[in-house]
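# Per-entry structural report
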Amino acid sequence: MAQLFEKAEKIYPRRVSGTFRNLKWAAMIVLLGIYYGAPWLRYDRGPHVPNQAIFVDLAGQRGYFFGIEIWPQEVYLLVGLLILAAIGLFFATSLLGRAWCGYACPQTVWTDLFVWVERFVQGDRNARKRLDDGPWTLEKIGKKTLTHAIWLVIGALTGGAWVFYFNDAPTLAEGLVHLDLPASVWSWIVALTLSTYFMAGFARENICKYVCPYARFQSAMFDRDTLIISYAHERGEPRGKHKRGDSWEGRGHCIDCDSCVVVCPMGIDIRNGLQFDCISCGLCIDACNTVMEKVMLPRGLIHYDTENNQEQRFGALRAGQLPPKGRMRWIRPRTVFYAAIMSLVGALMLGAILLRSETDVNVIHNRSPQYVRLSSGDIRNNYQLKVLNKTHFDRSYDIAVDGLRPKNIEMLAAGDVKVSAMAVPANTVGEFRVQVITAPVGAGRTPVTFRLIDRSTGKVAKHASYFVQP
Amino acid sequence: MTKDHKGEGNPSGPEVDEVSGIQTTGHEWDGLRELDNPAPRWWLIVWMVSIVFAVGYWVIYPAWPTLGGHTKGLFGWTQFEKLKVEQGEIFARQREHRRKFHAASFEQVNQDPALFEFARAGGAVVFKENCVACHGAGGEGRKGYPNLNDDDWLFGGAVGDIYRTIQVGSRSTHVDTHAAMMPAFGAMLKPQEIDDLATYVGSMNASQPPSVAWTNGRVLFETNCVSCHGAMGEGNRALGAPQLNDAIWLYGGDHDTLVQSITKSRAGVMPAWEQRLSVDDQRMVAVYVHSLGGGE
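Cut-offs used in this document
- Residue positions within a chain follow its written sequence, with the count starting from 1.
- Naming scheme: in the order in which they are written, chains are lettered from A and ligands are numbered from 1.
- Reporting of local features is limited, given that this is a predicted model, to residues whose pLDDT is at least 70; pairs of side-chain atoms are given and counted only at 80 or more, and all residues count toward the totals for whole chains, interfaces and linings.
- Strands pair, by our definition, only if DSSP identifies at least two bridges between them.
- Strands here are runs of E lasting at least two residues and helices are runs of H or I lasting at least four, both read from the DSSP assignment and numbered beginning at the N terminus.
- All axes are obtained by fitting lines to C-alpha atoms, using only the stretch in contact for helices, and the reported angles, taken between N-to-C directions, cover 0 to 180 degrees.
- A domain assignment, automatic or from a database, supplies the domain bounds used here.
- UniProt positions are given in the numbering used here, feature names are shortened, and annotations may be inferred rather than shown by experiment.
- Angle categories: roughly parallel below 35 degrees, roughly antiparallel above 145, roughly perpendicular from 65 to 115, and oblique for all the rest.
- Contacts are defined on C-beta atoms placed from the backbone: any two residues whose C-beta positions lie within 7 Å are in contact.
- Polarity classes work like this: nonpolar for Ala, Val, Leu, Ile, Met, Phe, Trp, Tyr, Cys and Pro, charged for Asp, Glu, Lys and Arg, and polar for all others, with Gly in that last group.
- By definition, a nonpolar core groups buried Ala, Val, Leu, Ile, Met, Phe, Trp, Tyr and Cys residues that are joined through C-beta atoms within 7 Å.
- Here exposure depends only on C-beta density: within 10 Å of a residue's C-beta, 20 or more other C-beta atoms make it buried, 12 or fewer make it exposed, and intermediate numbers make it partly exposed, the C-beta atoms being placed from the backbone.

## Examining the pairing of strand E1 (residues 54-57) of chain A
All names here are of chain A.
- Where E1 meets strand E2 (residues 62-65), 4 bridges bridge the pair, whose relative direction is antiparallel. In the sheet register, Ile-54 faces E2, and the bridge partner there is Phe-65.
- Between the antiparallel neighbours E1 and E2 lie 4 residues, among them Gln-61 with a positive phi of about 55°.

Below you can see the structure in the form of C-alpha cells.
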C-alpha cells in the first residue's frame, strides 16, 4: 500500500554561541529595527504633502521614499529596484553562497526570534524534547500557552508594523489605540499576524525546503569559487569518539559529537557535504569550533570555504605535500557580469531620478472621428491632454503646437477656460479637451509636437502626436 | 512503509527500486519506473481542508444544478442581487448630481465644470446606447446621417436647438417634428436641366470659371431653389434646408450624387426621443453632442 504522507520530523535546534551566532543576532537587531522603525521616520516635503519618509500612499496613488516621490506612471523605478534586488541577490550568492538565506531572509530572522522565545520559555533542546514527549502536565500547558502567546504578540506586531508603511503612522497608531481602524487595515493585521505565527512558529524550515523557489535554483549562481559551509573531510575522517588523553595519530579530528547536527535549524548533517537544504547560517561552525577548543585542536574543522580550495587541499594531502593556503577569487566572469548589470540598472535609475521632470503632458489623439471637416473647408482634429503637475504648487500652463500652422487652438470645457491658461492644482492631473483647426494643406498624417509651457517658470514639457487630414 | 522494503526478495510482492531502495507504484513507461515517494503531511492536510472547504461552499453558495434550476445556498446569494445592491449604491451617489442637473438650465450647466462633466459623461452613455447605430461611435456620422462633430447644423447648433431636435426628431411620428420636405425635381425638370443645376450647386462656393452649364444652372437655381436654400445657397434652418455653399455634404458633393439628390430628393428620418428617454437623459445627450466641438 502506498503511504499517504511522510511525517516531518520536528527540529529542536540547540543553543550555540560564537562568531556567526553573534553575526546573526546583530543582523536580526538591525533588520527588525529597520522594519519596525522605518515608518516612524519623518521627512518634511512642505505643506499638503505627507511627511512620512517611507510611505506607499495607495489612496493618493503616490510612493514616497525620503526625497524621491513617484507617481503611478513612474512605476518603472519600482521595476528597477526589483531588478537591482534580484541581481544583488545573485551577486551576493555567487560570492558568499546563501548568505541571504542564513542571515537576512525574513523567514530566517523571524524563525530565529521564535526559536529564541521557545528556548526562553521552555529551555534548551533537551528540555524542549522532554516537554514535548512528556504528558500534558500543568507545567507543560503553562509553558506551551506562554510560548504561543508571545509568538502571537510578535506576529501582531509584525502585522501592525506592515500597515504603517501604507498609512500615516502616528494617525494610524492613534486609531489602533482607540480600536478605530478601517476593515482593510484590520484584515491586513490579522492576515500578517497569522502568517507570521504559522510561518515562523510551525512551518519554519519547511518553507525553505518546499516553498521557496530560490532555495531550488540558487545552485545556478554557484560555481567552484563560491563560499560554502564545508566540512574538512580530509582532516575530520575517520571520525570516532575520543577520550581525553588518547592520541590523535591515525584518526580524524571529528569526534562524532553531533554538535553540528543538533544546532542546525534545518536539521541536516553538514558532514554529508553541500546539500540543498543548507541555508549557510554558520551555526554548525560555531558549534564545532567550541568543541575543537575543548579538545584543544585548531578551529575550522567546519568552515566557510570554496570547492576549489577544498579540492586543492585534499589533492596536496594525498600527494603528501603541505596543503596550500586557501584563497578567495572575488573577481570572476560571473561576479563581474552581475556587478555590471547592477551598475547599469543603478545608473539608469539614478539618471531617471535626477532627470525627473516636474511636469508631464500626455496627448491622446481622438480617433472617432480622426478629423472633422468644417463648413469653411478647414480641418479640425480633437485631442485629450493630460497634464501631470508633479510640483507641490498650483500651476497654469499655455499650449503650442509645432509642426503645423494652426489657425486656432480651442479648449472644450465648461465655463470660461482658455488654452493660454490651463490651471492644474498642485500634485494632480488636469484633463483638457483641445481642438486644433487648420487650413487643409495635404493628405494623411502630419507629425506634430505639443508644447506645454509652465507660465510661472517657463519650463516646457513636450509630447509627440499627429494631425490627420483627408 | 517505504523504509522497510516489504517486497524485497519476494517476486510477487511490491517492486522496490534497486538504486534508491524506494518501493515503486508498479507503473512503468518505456523503462521509466515511478517511485512511491509520499507527499509531505502538510500537503495532505491542505488537500483535505480544501475538500472540507468545498463542502462548506456548496452549502453556503448556489452550487449544484437540479432538475428545476440549482441549489440556492444558505443565504440565497446571487450575482443578480449583488448587481442590484451595487447599482443601488451608484444610483445613490448620482442622486445629488441628478437633482442639481434637473434644476439647472443649460446655461447654468455650462458654467459649472462639475455639473458639466457629469452631464457629459451621462450623455455619452445615453448616446452610446441610442445614437451610435446611425451617428457612429464618436458621432462622426456617415452618408445620410449627419456628422455631429462639425459646425454644420440643419436645425441649429445651440444646445437648446439640439435638445429640440432630439425631442421631436426629423420627419418622425412626433406631431411637432422637423418636417422639411424637398420636392423630387425629376418630375419637374428635364434631365439636362438637372445636370446643369448639379454643376452649379457642386461648385457654388468655388471660384470656378463659368461654363454654359454653370450659367444655366444658376438660372435654374434662382427659379427653383432660392426660396428654401437662399440666394447664395446659405440654407434655412427654420425650414431645415441645408446650406449648399459650404464644404460639408450629407449625401456627397460629387456631380452624380447631386443629380440623384435633385432628381429624387432626400428625406432622412430621425426618430423623436421625447417618449423614449427621460427628460434629463435627453438633456444630457444634448449637452454631450454640443460638447463634441461644433456646438454653437
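## Considerations on the sheet that holds strand E11 (residues 422-424) of chain A
Residues and elements named next belong to chain A.
- Spatially, the 4 strands line up as an open sheet ordered E11-E9-E13-E14, and their pairing is antiparallel. For this open sheet the edge positions go to E11 and strand E14 (460-469), each flanked by a neighbour on one side alone. Neighbour to neighbour, the strand axes of the sheet diverge by 35° on average, direction disregarded.
- Pairing of strand E9 (residues 395-402) with E11, which is carried by 3 bridges, proceeds in the antiparallel orientation. Each bridged residue has a counterpart across the sheet, and for Tyr-397 the counterpart in E11 is Met-422.

## Details of the domain arrangement of chain B
- Taken domain by domain, chain B holds domain 1 (41-70), domain 2 (95-180 + 270-296) and domain 3 (182-266).
- A straight line from the C-alpha centre of domain 1 of chain B to that of domain 3 of chain B covers 75 Å.

## Notes on the UniProt feature "transmembrane region" (unreviewed entry) in chain A
Residue and element names in this part refer to chain A.
- According to UniProt, the positions carrying the feature "transmembrane region" (unreviewed entry) are residues 21-38, 75-96, 146-165, 185-203 and 335-355.
- The distance separating the terminal C-alpha atoms of residues 21-38 is 25 Å; by composition the span is 94% helix and 0% strand.
- Here residues 75-96 runs as 95% helix and 0% strand, with 31 Å between its end C-alpha atoms.

## Observations concerning the domain arrangement of chain A
- When cut into domains, chain A gives domain 1 (19-220), domain 2 (223-318) and domain 3 (359-469).
- Computed from C-alpha coordinates alone, the two centres of domain 1 of chain A and domain 3 of chain A are separated by 48 Å.

## What about the packing of helix H4 (residues 106-122) of chain A against helix H8 (residues 183-203) of chain A?
Residue and element names in this part refer to chain A.
- H8 packs onto H4 with a crossing angle of 75° between their chain directions and a minimal axis gap of 8 Å. The orientation of H4 relative to H8 falls into the category roughly perpendicular. In this structure, H4 uses Gln-107, Trp-110, Thr-111, Leu-113 and Phe-114 to contact H8, whose residues at the interface are Thr-196, Met-199, Ala-200 and Gly-201.
- Tallied by class, the residues present in the contact of H4 with H8 amount to 5 nonpolar, 4 polar and no charged.

## Examining the nonpolar core
- Formed by 36 residues in total, the largest nonpolar core has its most connected members in Cys-260, Leu-283, Cys-284, Ala-287, Cys-288 and Ile-302 of chain A.
- Mapped by element, the contributors of at least two residues to this core are helix H3 (99-104), H4, helix H6 (138-164), H8, strand E4 (228-231) and helix H13 (283-294) of chain A.
- Sorting elements by how many residues they give to this core places H13 of chain A first, with 6 residues.
- A domain split of this core shows at least three residues from each of domain 1 (19-220) and domain 2 (223-318) of chain A.
- Ranked by size, the runner-up nonpolar core spans 23 residues in total, among them Leu-148, Ile-162, Trp-273 and Val-289 of chain B.

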